[in-house]
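# Structural overview for review
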Amino acid sequence: MIALWIVLGIVVLILLAGVLSYNRFVSQRNLIRNAWANIDTELRRRYDLIPNLVETVKGYAAHERGVFEEVARTRSAAAAATGSPQEQAAAEGPFVQALRQLFAVAENYPQLKANQNFLGLQQELANTEDRIQAARRFYNNNVQAFNARIKQFPSMMVARLGNFTEEQFFEVEEAIREAGAPRVDFGTAEVPAAGPAPETPPAPPAGGGTSFTP
């Protein structure tokens, strides 16, 4: 009888551990989905900034038609990508490269670099890029923890019973990641160098000047 109770106790503990492990998988999966939603929000924010940015650059470099068309094409492709994180990352690569070309063009126009509208858009884009990178790291860290549990024993047994599969990382291409975010720090507009200060006329010698009387 005692042995039966021991066996029942062990079974109950195993079932309880299984339920806890299952609930943890569910929580982790929901966290990953929420993290991906944050990435998608920031990507959409970046897509919305690009048309105004392109129009501003066009005002100073209208002849750079090929660059503008490439930005528009890759932006549309990236915005239309609604597949897996890997598919989204593959669409983001050409778009990020096109943005770098756009900023490279902007560097050749000092008046554009001093344009307040352009500087504001560039700063907003840089802030968005920072949020994208932070959201990507948070997402990938959660994916790594989730996938590790799927491969570990005994949680792998719960993963199989609960039909939990490995999630995909959101990683850009190596060359793009090494180059960093598409930002250009133009700083403040250059201030023209001041000319030489006007010479101060010499003071008349004390007591030696000629006096004039009315």
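As shown above, the structure is provided for reference.
The shown structure was predicted, so the numbers you read here are calculated from the model rather than taken from an experiment. (Residues numbered from 1 in each chain as written. Predicted model: local features only at pLDDT ≥ 70, side-chain atom pairs only at ≥ 80, totals over all residues. Heavy atoms only, no water.)

## So, the pattern of salt bridges
Let me state the cut-off plainly: Salt-bridge detection follows one rule: a side-chain nitrogen of Lys or Arg within 4 Å of a carboxyl oxygen of Asp or Glu. Helix numbers and strand numbers start at the N terminus; a helix is a DSSP run of H or I with at least 4 residues, a strand a run of E with at least 2.
Inspection of every chain in the model, using the stated rule, returns 10 salt bridges. Across the pair E42 and R45 runs a salt bridge whose closest N-O atoms are separated by 3.0 Å. Residue E42 and its partner R45 are located together in helix α1 (residues 2-58), separated by three residues, close to a single helical turn. Bridged by salt links that share partners, the residues E42, R45 and R131 form one connected network.

## Considering the side chain of N140
Put simply, the rule is: Think of it in three bands: residues with accessible area under 20% of the maximum for their type are buried, residues over 50% are exposed, and the middle band is partly exposed, with areas taken using a 1.4 Å probe on protein chains only. Polar contact is defined as a pair of N or O atoms within 3.5 Å, subject to the rule that within protein one atom must be able to donate a hydrogen and the other to accept it, and that residues adjacent in sequence are counted only when both atoms are side-chain atoms.
Mapped onto the fold, N140 is located in helix α5 (residues 116-151). Since its relative accessible area comes to 7%, N140 is described here as buried. Within the structure, the side chain of N140 is placed 2.9 Å from the backbone nitrogen of F170, a separation counted as a polar contact.

## A few points about the packing of helix α3 (residues 85-106) against α5
Note the following rule: Every axis corresponds to a line fitted to the C-alpha atoms, with the helix fit spanning only the stretch in contact, and the corresponding angles, defined between N-to-C directions, vary from 0 to 180 degrees. Put simply, angles under 35 degrees are roughly parallel, angles over 145 are roughly antiparallel, angles from 65 to 115 are roughly perpendicular, and the rest are oblique. Throughout, a crossing is termed right-handed when the near helix is turned clockwise from the far one, and left-handed when it is turned anticlockwise from it by less than a right angle. In what follows, a contact means two residues having at least one pair of non-hydrogen atoms within 4.5 Å. In the scheme used here, Gly and all other residues not listed as nonpolar or charged are polar, with Ala, Val, Leu, Ile, Met, Phe, Trp, Tyr, Cys and Pro taken as nonpolar and Asp, Glu, Lys and Arg as charged.
Between α3 and α5, whose axes approach to 14 Å, the crossing angle comes to 155°. Relative to α5, the element α3 lies roughly antiparallel. Of the two possible hands of crossing, α3 and α5 adopt the one that is left-handed. Together, P85, F103 and A106 of α3 and F118, Q122, L125 and Y139 of α5 make up the contact between the two elements. Classifying every residue of the contact of α3 with α5 by side-chain character gives six nonpolar, one polar and no charged.

## Here's the deal with the nonpolar core
Inclusion rule: The criterion is simple. A nonpolar core is a set of buried Ala, Val, Leu, Ile, Met, Phe, Trp, Tyr and Cys residues joined through side-chain atoms within 4.5 Å.
Core analysis: the biggest nonpolar cluster contains 42 residues, and I50, L53, V57, V71, L102 and Y139 have the highest contact counts within it. Put simply, the parts of the chain that give this core at least two residues each are α1, α2 (65-80), α3, α5 and α6 (155-161). If you tally residues by element for this core, the top one is α1, at 12 residues. With residues near it in sequence (within four places) discarded, Y139 still touches I32, A35, W36, I39, P85, Q168, F169 and F170.

## Here's the deal with the packing of aromatic side chains
Think of a pair of aromatic rings as described by two things: how far the centres are apart, and how the planes are tilted against each other in angle. Rule in force here: In this scheme Phe, Tyr and Trp rings, the latter by its six-membered ring, pair at centre separations within 6.5 Å, and the angle between planes marks the pair as stacked below 30 degrees, edge-to-face above 60, and tilted otherwise. Only when the NZ of Lys or the CZ of Arg is both within 6 Å of the ring centre and within 35 degrees of the ring normal is a charge said to sit over the ring.
For the coordinates displayed, the defined rule picks out eight aromatic pairs. In this structure, R149 packs its charged tip against the face of F25, placed 4.0 Å from the ring centre.

## Some words on a nonpolar patch on the surface
Convention followed: Patch members must show over 30% relative accessible area and no salt bridge, and they are joined within 9 Å when carrying like charges or within 5 Å when they are nonpolar side chains of Val, Leu, Ile, Met, Phe, Trp or Tyr. Accessible surface area values rest on a Shrake-Rupley calculation with a 1.4 Å probe, where residue burial reflects the displayed protein chains alone.
Together, M1, L4, W5 and L8 line one region of the surface with nonpolar side chains, adding up to about 490 Å² of accessible area. Relative to the elements of secondary structure, W5 occurs in helix α1.

## Concerning α2
Counted only if it meets this: By this rule the span expected of a helix is its residue count minus one, scaled by 1.5 Å. What the arc describes is the spread of directions from the helix axis to the C-beta atoms.
Across its 16 residues, α2 extends 23 Å between first and last C-alpha, which sits within 8% of the 22 Å expected from 1.5 Å per residue. By the burial criterion, the buried members of α2 are V67, F68, V71, T74 and A78. Down the axis, α2 shows its buried residues gathered within 140° of arc, on one side only. For α2, the exposed residues lying more than 90 degrees away from the buried face are R65, G66 and A80. On its buried side, α2 packs onto α1 and α3.

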